[in-house]
Protein chains: 2
Amino acid sequence: MSPLMPAAILLAVLSCSPPARGADTLHSWNSGPTRSAVIQFVRDVTTEGGPGFVPPSERIAVFSHDGTLFPEQPAPVELAFLMDRVKALASKHARWKTKEPFKSALSRDLTSLAKSGAPGILKLTSGAHAGMTTAEFDATVTAWIAKAKNPRLYRPYNQCALLPMLELLDFLHLSGFKTYILSRGDAAFLRPWAEKVYGVSPEQVIGSSVRTKYEMRKGISVLVRREEFDLMEDGPGRPPAIFRSTGRRPIAAFGNSDADLEMLQWVAAGEGRHLVLLVHHTNGGNEFAYDRKADFGRLDKALDAARKNGWTIADMTKDWNRFFPRTGK
Amino acid sequence: MSPLMPAAILLAVLSCSPPARGADTLHSWNSGPTRSAVIQFVRDVTTEGGPGFVPPSERIAVFSHDGTLFPEQPAPVELAFLMDRVKALASKHARWKTKEPFKSALSRDLTSLAKSGAPGILKLTSGAHAGMTTAEFDATVTAWIAKAKNPRLYRPYNQCALLPMLELLDFLHLSGFKTYILSRGDAAFLRPWAEKVYGVSPEQVIGSSVRTKYEMRKGISVLVRREEFDLMEDGPGRPPAIFRSTGRRPIAAFGNSDADLEMLQWVAAGEGRHLVLLVHHTNGGNEFAYDRKADFGRLDKALDAARKNGWTIADMTKDWNRFFPRTGK
């Protein structure tokens, strides 16, 4: 066998298969314009010599997390974690009873927590975990996500990722894309489980971040979580955060709320072929139905913009036939 | 042929070849303990079933840029760029004649610029380029790096990367590593050329960053550079910056100055097999010779720490036999 054979075979596999594999991967997507738009986009950017071809190194896609890859009702998963953590730690922090957003977390006042937004989430996590090493925080998140359940879906959080979106991630990975997940909360909350659930490595999670401090503890170098944090602002703050991490404009963006509007506009304004997709939560039977008036994940201006600009809309009821992986799988 | 063949061949190539290829890749490294330490480390972390094995997804390596991958004398490349830019733009900014660090940049006062450190670099680039879109800045950097030369090495900056380190990057890439470059300056300065020169994609450049603002210009979404910046502090600021970007502790770190000390300590404190290497500039004939008293890249405490802790030291004179690629190659 020629020593060049494996590379040649590999190249053949990589360059020929993505468009063909697409139809196989997107099981939970109904046939129709939405599924076709996704497949056509991938076919275009992966067809060498074609007018839409994009080299693999530039195939960058970003996904908003809450509401796009993962249910965000009755509360975003990071908030569920933080309500549990604040409760568990409350006996050591008497002031939390009267201090926001801790007070609302203790009373599980979701409307008030929704109003406190991403800064509220960051205040809760940085306040509750200051002084912990990053490794200790990591272990705390990992232990929690292995056990906690979404109270309305009756399923473990580690099996709550939306199946059609997992298929879409697989499809993009098979097609040479590098995918990023955008968290408005602390990236350190998503990173310990993003690889297992989404196949997205920790360094491809972008978001707010709790600052850390380099310290020696018992002669060992560690990073310790501080109370200060760097906030990724919603809306117009998202494109700068993506650019800061990646140094470029992605060619595909997936969102579900007004907080994603500017990110979608920015990706839509890129030169060359791009895909901009909005997930619309229309299925209260299988997941949740909400848009213009939701506490979490309000979708109002971005829905109008999507319709006006002809962006792709994934209507859960029309476009999806399964929502979650089988439990235990 | 079985449809599983290509994957099987690929797997064989990936899992067997790195240790064997190592010796082939590191041409410019002399035989001896330094070269052997690098090869042994890579062999250990890539040998499946061995005690030092690290899965590919966790093979993260970080390289300081100035002085480790690239000569930093008589001035770091970003400072050379900024001195040229400030000169070119000075007629529009009368105040720069009396305002630091612009004044020192105009008079090419390297000692003063060295003292202003990374904050000085960030002030220069954010001040000189505020209002530009990120795409315009990218084009400016790309045009400059294609023409400018290092005044003491008489070679174009785009051919100044240190050949032994390029070989080391290749070796690590072949061995399944994901490599990061650390820039104390604005990551946006390195990103436009990091892929071409180092094979490191823009999103794997970590550093300080000039903030950007999302704007619509002529109906198109763009990011515009602002005067504000987020500084990556030297020394103890580096591990938090790496953690913020990657979410984990790398298993290999390469530095050359006291600014890298804490990064090296942090990586050395990791569980499992790791490699910590210090580049020591000892060759004034081929490159530059400097350490404990240099304006740029002072190496004093980190040299003592490396010797005390048995870290690997690449002594340019002892360990390298070639320094740069052939010009024009």
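Residues numbered from 1 in each chain as written. Chains lettered and ligands numbered in written order. Predicted model: local features only at pLDDT ≥ 70, side-chain atom pairs only at ≥ 80, totals over all residues. Heavy atoms only, no water.

Student: Just give me the short version of the overall build of chain A, but keep the residues and values in it.
Tutor: When you go through chain A residue by residue, the secondary structure sums to 12 helices and 9 strands. Its C-alpha atoms give chain A a radius of gyration of 21 Å, near enough to 20 Å, the size a compact globule of 329 residues would have. Referenced to the eigenvectors of the C-alpha coordinate spread, the extents of chain A come out at roughly 65 × 50 × 40 Å. Here chain A holds 329 residues, and the buried ones make up 58% of them. Pairs at least 24 residues apart make up 67% of the contacts formed inside chain A by residues separated by at least 6 positions. When the accessible area of chain A is evaluated, it comes to approximately 13,900 Å², of which 53% is carbon and sulfur surface. For chain A, the separation between the mean place of its 43 positive charges and that of its 34 negative charges on side chains is 5 Å. (Helix = DSSP H or I, 4+ residues; strand = E, 2+ residues; numbered from the N terminus. Rg over C-alpha atoms; globule rule 2.2 N^0.38 Å. Buried < 20%, exposed > 50% of the residue type's maximum accessible area, 1.4 Å probe, protein only. Contact = heavy atoms within 4.5 Å. Areas by Shrake-Rupley, 256 points an atom, 1.4 Å probe, with all protein chains shown as cover. Lys, Arg positive; Asp, Glu negative; His and termini not counted. Charge placed at Lys NZ, Arg CZ, Asp CG, Glu CD.)

Student: Mind laying out the pattern of salt bridges, listing which residues take part and the relevant values?
Tutor: All names here are of chain A. Applying the stated criterion across every chain yields a total of 27 salt bridges over all chains. A salt bridge links Arg 225 to Asp 186; the shortest N-O distance between them is 3.0 Å. You can see Arg 225 sitting in strand 6 (residues 220–230) and its partner Asp 186 sitting in strand 4 (residues 178–186), a full 39 residues away along the chain. Here Arg 225 matches Asp 186 in class, with each residue buried. (Salt bridge = Lys/Arg side-chain N within 4 Å of Asp/Glu carboxyl O.)

Student: Let's hear about empty space enclosed by the protein: which residues, and what values?
Tutor: All names here are of chain A. Tallying each qualifying case throughout the model produces 3 cavities of 30 Å³ or more. Taken as a whole, the largest cavity encloses approximately 50 Å³ of empty space. The wall of the largest cavity is formed by His 65, Asp 66, Val 77, Glu 78, Ile 121, Ser 183, Arg 184, Gly 185, Phe 189 and Leu 190. Among the elements of the structure, helix 3 (77–89), strand 4 and helix 8 (187–198) are those that each provide at least two residues to the lining of the largest cavity. Top contributing element to the lining of the largest cavity by residue count: strand 4, with 3 residues. Each residue belonging to the lining of the largest cavity can be placed in one class, and the counts come to 4 nonpolar, 3 polar and 3 charged. (1 Å grid on protein atoms, 1.4 Å probe; cavity = no way out; pocket = protein on both sides within 12 Å on 5 of 7 lines; lining within 4 Å. Points joined across faces, edges and corners; volume = space filled by probe spheres on them. Nonpolar A, V, L, I, M, F, W, Y, C, P; charged D, E, K, R; others polar.)

Student: Account for the interface of chain B and chain A, with residues named and values stated.
Tutor: On the side of chain A, 37 residues touch chain B, which itself brings 37 residues to the contact. Both sides together, the interface formed by chain B and chain A hides about 3,300 Å², and carbon and sulfur atoms give 57% of it. Counting the surface chain B buries against chain A, the share from its top three residues, Glu 203, Tyr 214 and Arg 244 of chain B, is 23%. Linking chain B with chain A are 6 salt bridges, by the criterion used here. Note that Lys 178 of chain B is salt-bridged to Glu 203 of chain A, the shortest N-O span being 2.9 Å. (Buried area = accessible area lost by both parts, 1.4 Å probe.)

Student: An account of the side chain of Thr 125 of chain B is needed here, citing residue identities and associated values.
Tutor: Residue and element names in this part refer to chain B. Mapped onto the fold, Thr 125 is located in helix 5 (residues 110–129). Of the residues examined, Thr 125 reaches a relative accessible area of 0% and is grouped as buried. The contact partners of Thr 125, leaving out residues within four places of it in the chain, are Glu 78, Leu 82, Phe 137, Asp 186, Val 210 and Arg 225.

Student: Break down the pairing of strand 7 (residues 252–255) of chain A for me, with residues and values.
Tutor: Residue and element names in this part refer to chain A. Covered by surrounding structure in strand 7 are Ala 252 and Phe 254 together with Ala 253 and Gly 255, the residues of both alternating faces. As paired strands, strand 1 (residues 60–64) and strand 7 are joined by 3 bridges and run parallel to one another. In the sheet register, Val 62 faces strand 7, and the bridge partner there is Ala 253. With 4 bridges connecting them, strand 7 and strand 8 (residues 275–280) associate as parallel partners. Bridge pairing in strand 8 places Ala 253 opposite Val 276. (Pairing = 2+ DSSP bridges.)

Student: Any details on the relation of the copies chain B and chain A? Residues and values, ideally.
Tutor: By a simple turn and slide, chain B fits onto chain A: the slide is 0.0 Å along the axis, the RMSD is 0.0 Å, and the turn is 180°. Expressed as an axis order, the relation between the two copies is that of a two-fold axis. (Least-squares fit on C-alpha atoms with pLDDT ≥ 70 in both.)

Student: Quick rundown of the pairing of strand 6 (residues 220–230) of chain B? Include the residues and the values.
Tutor: Side chains on a regular strand alternate between the two faces of the sheet. Residue and element names in this part refer to chain B. Here 8 bridges tie strand 5 (residues 205–217) to strand 6, and the two strands are oriented antiparallel to one another. Paired with Ser 209 across the two strands is Asp 230, which belongs to strand 6. Counting the residues between successive antiparallel strands, the hairpin from strand 5 to strand 6 contains 2 residues, one of them, Lys 218, with a positive phi of roughly 50°.

Student: Explain the confidence of the model for chain A to me, using residue names and the numbers behind them.
Tutor: Close inspection of predicted coordinates is inappropriate in any region flagged by low pLDDT. Residue and element names in this part refer to chain A. Confidence along chain A averages 93 in pLDDT terms, with 92% of residues attaining 70 or more. Every residue in residues 1–20 is under pLDDT 50, and counting partners more than four places away or in other chains gives 19 contacts. Interface confidence for the predicted complex, expressed as ipTM, amounts to 0.91; the pTM equals 0.92. (pLDDT = per-residue confidence, 0-100.)

Student: Let's hear about unusual backbone geometry: which residues, and what values?
Tutor: Residue Pro 74 of chain B is bonded to the preceding Gln 73 of chain B through a cis peptide linkage, with omega at -5°. Checked against the element boundaries, Pro 74 of chain B lands in the loop between strand 1 (60–64) and helix 3 (77–89). Glu 100 of chain B connects to Pro 101 of chain B through a cis peptide bond whose omega is 0°. Inspection of the secondary structure puts Pro 101 of chain B in the loop between helix 3 and helix 4 (102–106). A positive phi angle, near 55°, is found at Tyr 154 of chain A, a position not held by glycine. Position of Tyr 154 of chain A among the secondary structure elements: in the loop between strand 2 (149–150) and strand 3 (155–156). Assessed through its relative accessible area of 68%, Tyr 154 of chain A is described here as exposed.

Student: Account for the packing of helix 3 of chain B against helix 5 of chain B, naming residues and giving values.
Tutor: Residues and elements named next belong to chain B. Axis separation between helix 3 and helix 5 bottoms out at 10 Å; the angle between their running directions is 60°. Between helix 3 and helix 5, the angle is such that the two are oblique. Read as a crossing pair, helix 3 and helix 5 show a hand that is left-handed. Residue-level contacts link Glu 78, Leu 79, Phe 81, Leu 82, Met 83, Arg 85, Val 86 and Leu 89 of helix 3 to Leu 110, Leu 113, Ile 121, Leu 124, Thr 125, Ala 128 and His 129 of helix 5. A per-class count over the contact of helix 3 with helix 5 returns 11 nonpolar, 2 polar and 2 charged. (Axes fitted to C-alpha atoms, helices over the stretch in contact; angles between N-to-C directions. Parallel < 35°, antiparallel > 145°, perpendicular 65-115°, else oblique. Left-handed = near helix turned anticlockwise from the far one by under 90°.)

Student: Kindly report on the environment of Ala 75 of chain A, identifying the contributing residues and their values.
Tutor: All names here are of chain A. As for its position among the elements, Ala 75 is in the loop between strand 1 and helix 3. Ala 75 sits in the buried class, given a relative accessible area of 5%. Taking the C-alpha atoms as reference points, Ala 75 and Thr 212, separated by 137 residues in sequence, lie 27 Å from one another. Residue contacts for Ala 75: discarding those within four places in its chain leaves Met 83, Leu 110 and Phe 296.

Student: Run through helix 5 (residues 110–129) of chain A, naming residues and quoting values.
Tutor: Residues and elements named next belong to chain A. Given a rise of 1.5 Å per residue, 20 residues ought to cover 28 Å, yet the end C-alpha atoms of helix 5 are separated by just 21 Å, more than 12% below that figure. The principal kink in helix 5, of about 100°, is found at Gly 117, preceding the proline Pro 119 by one to four residues. Of the residues trailing helix 5, Gly 131 is marked for its positive phi of about 100°. (Expected span 1.5 Å × (residues − 1). Bend = angle between axes of the 7 residues up to and from the residue.)

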